[in-house]
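If you want the building blocks of each chain, they are given just below.
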Amino acid sequence: MKKNILIGLSLLTLSIGYVEASRLATKEIAGLRTKIQLDDKLHPVKSKKQFVKIALLLDTSNSMDGLINQAKSQLWDIVNEFSYAKCGNGSTPELQIALYEYGNDDLTAQEGYIRQVLPFSNDLDEISEKLFSLTTNGGEEYCGAVINTSLKQLDWGKNPDDLKLVFIAGNEPFTQGRTNYKDAVLQAKEKDVVINTIFCGNYAQGISTKWKDGAQLSGGDYMAIDHNAEQIYVATPYDKIIIELNSKLNNTYVAYGATGTTRLDKQRLQDNNAYEMEAEVAVSRAVSKSSKLYKNSSWDLVDAVEEDAVAIEEIAPEALPAPLKGKSKKEIKAYVSQKKSERAKIQAEIQKTNAKREAYLAQHQKENTKGELENALLKAIKKQAAKKELNWK
């Protein structure tokens, strides 16, 4: 009997001790969790990647041919400027561009004459292709509606370090349409998206038609441009060299997969589109292709291997291009490595030659040869980027 009582007391003691230990452990864990939450608030962990997300909302009504042409011809200069941008930690930001058109009678009235041409993308060939697909016609320009649509449809993300910008360009009153522009802009501000407005016409007229008000409500910039102004290009002795290097650069791409050949054709088509605008536009595109911003891991085996998007051992034989069919894994790796080395050398040569070109332009241009749209975009971007610890030093 006594023995049973002693055993019972021992078990009771152990039980009480276990409960007390559990209580203390729970309290300690809760305290640790509170400390971690407090530390997170006081010292938030920065995302490894910092994105610059830019949505271009372009009026494609009848009078906007000049604006679209400026967007086509000045895209590459804007991208090239971003190759010099640095995050607070010294890394290069990830640039993503989305594209909308509005005010075109070819678009459906039910959608407010608005169309998402491209969601956020870092595929520069695709961005170029979509810009060159735009045509003008019409119409009814609803600024509030297209801003509201871009806020709802695009993946803006929740990283507070990202720079999120909308640039809306047009030449009709900002107040048109049933969606109040003030509601749309204030909604953007809640999402940490800055609205910048570009009025295509007289500066004072843009103010009187509320384009300036639309920008200021979210802390953005208001600008007015001559959308019909033709950009002044200065030919240099280095243009032909860079274009020839670009042809060599194209030969380093190893198309693979179901879309590889199509994407390789698209790359060369966009080269041609740039060249047809102006030879200097083709030069600017070639410089963009020599930067870290030009990535094609979805179809180019060199980029895919470098970015760990695919392993050569896992590629099906039918997904390989003709020069690699029937080759061993070792031979494929050697081929890809050789193309990577060739590309790096050509890209470095383009950058080196472009530095000489830039020096030549600085000496010989008599006036600012940057385009109207390019100037407006870069001025606002650099000003607002400083708030996110992005700089161009």
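See the structure printed just above.
Once a new chain begins, its residue numbering starts again from 1 and follows that chain's sequence as written. Residues qualify for local features only when their pLDDT is at least 70, as the model is predicted, and side-chain atom pairs are given and counted only at 80 or more; totals for whole chains, interfaces and linings, by contrast, use all residues. Side-chain measures here rest on the full set of heavy atoms in the structure, leaving out hydrogens and waters.

Caption draft 1: Region of the structure containing the overall build of the protein chain. We count a stretch as a helix when DSSP gives it H or I for four or more residues in a row; a strand needs E for two or more, and each element gets its number in order from the N terminus. For the protein chain, the helix and strand inventory stands at 13 helices and 6 strands. The rule is simple: take the accessible area with a 1.4 Å probe, protein chains only, and divide by the maximum for that residue type; under 20% is buried, over 50% is exposed, in between is partly exposed. The 393 residues of the protein chain split such that 46% are buried. Taking the contacts inside the protein chain whose residues are at least 6 apart along the sequence as the reference set, 78% of them involve residues at least 24 apart. Every residue pair with non-hydrogen atoms within 4.5 Å of one another is taken to be in contact.

Caption draft 2: Structural detail: the pairing of strand β5 (residues 194-200). Most of β5 is tucked away: 7 of the 7 residues are buried. On β5, burial covers both faces: V194, N196, I198 and C200 on one face and I195, T197 and F199 on the other are all buried. By the bridge criterion, 6 bridges tie strand β4 (residues 163-170) to β5 in an arrangement that is parallel. Following the sheet pairing, A169 is matched in β5 by I198. Think of it this way: DSSP has to see at least two bridges between two strands before they count as a pair.

Caption draft 3: A look at the nonpolar core. Residues belong to a common nonpolar core when they are buried Ala, Val, Leu, Ile, Met, Phe, Trp, Tyr or Cys residues joined through side-chain atoms within 4.5 Å. Ranked by internal contacts, the top residues of the largest apolar core, which has 58 residues, are L58, F82, F167 and I198. The greatest single-element share of this core, amounting to 8 residues, is contributed by helix α2 (residues 65-82).

Caption draft 4: Quick peek at helix α3 (residues 124-132). Residues of α3 that are buried include every one of L124, D125, I127, S128 and L131, and no others. Down the axis of α3, the buried set is contained in an arc of 160°. They therefore lie on one face. Whenever a nitrogen or oxygen atom comes within 3.5 Å of another N or O atom, the pair is scored as a polar contact, on the condition that within protein one atom can donate a hydrogen and the other can accept it, and that pairs from neighbouring residues in sequence are kept only if both atoms are in side chains. For α3, the N-terminal capping position is held by D123, with its side-chain oxygen 3.2 Å away from the main-chain nitrogen of D125. By construction, the arc corresponds to the directions joining the helix axis to the C-beta atoms.

Caption draft 5: Main features of the sheet that holds strand β3 (residues 114-121). Taken together, the 6 strands give an open sheet; going across it, the order is β3-β2-β1-β4-β5-β6, and neighbouring strands pair in mixed fashion. The outermost strands of the open sheet, each flanked by one partner alone, are β3 and β6 (222-225). With strand direction ignored, the average angle separating the axes of adjacent strands in the sheet is 15°. In this sheet, β6 lies alongside β5 in parallel orientation, the contact comprising 4 bridges. Bridge pairing links I198 to M223 in β6. Angular values range over 0 to 180 degrees, each being the angle between N-to-C directions of two axes fitted as lines to C-alpha atoms, with helices fitted over their stretch in contact.

Caption draft 6: Seen up close, the pattern of salt bridges. One side-chain nitrogen of Lys or Arg within 4 Å of one carboxyl oxygen of Asp or Glu is enough to make a salt bridge. Counting across every chain of the model gives 16 salt bridges. Note that D123 and R263 form a salt bridge whose closest N and O atoms lie 2.2 Å from each other. On the criterion of sequence distance, the pair formed by D123 in the loop between β3 and α3 and R263 in helix α9 (residues 260-277) is long-range, its members being 140 residues apart. Here the two residues D123 and R263 agree in accessibility, since each one is buried. With a closest N to O distance of 3.8 Å, E342 and K339 form a salt bridge.

Caption draft 7: Broad picture of helix α8 (residues 239-250). To estimate the expected span of a helix, count its residues, drop one, and scale the result by 1.5 Å. Under the 1.5 Å per step criterion, the end-to-end length of α8 is 17 Å for 12 residues, consistent within 8% with the ideal 16 Å. Inspection of α8 places D239, I242, L245, N246, L249 and N250 among the buried residues, and these make up the whole buried set. Along the long axis of α8, the arc covered by the buried residues comes to 145°, so they all point the same way. In α8, the exposed residues that point more than 90 degrees away from the buried face are K240 and K248. Turning to α8, the residues buried within the fold contact α9, α10 (279-289) and α12 (329-364).

Caption draft 8: Representation of the environment of R285. Along the chain, R285 turns up in helix α10. For R285, a relative accessible area of 1% translates into the label buried. It is 9.5 Å that separates the C-alpha atoms of R285 and S73, two residues lying 212 residues apart in sequence. Ignoring sequence-local partners within four residues, the contact set of R285 consists of W76, D125, Q267, Q270, D271, A274 and Y294. Here Q267 takes part through its backbone oxygen, which lies 2.9 Å from a polar atom of the side chain of R285. A distance of 2.5 Å separates polar atoms of two side chains, one belonging to R285 and the other to D271.

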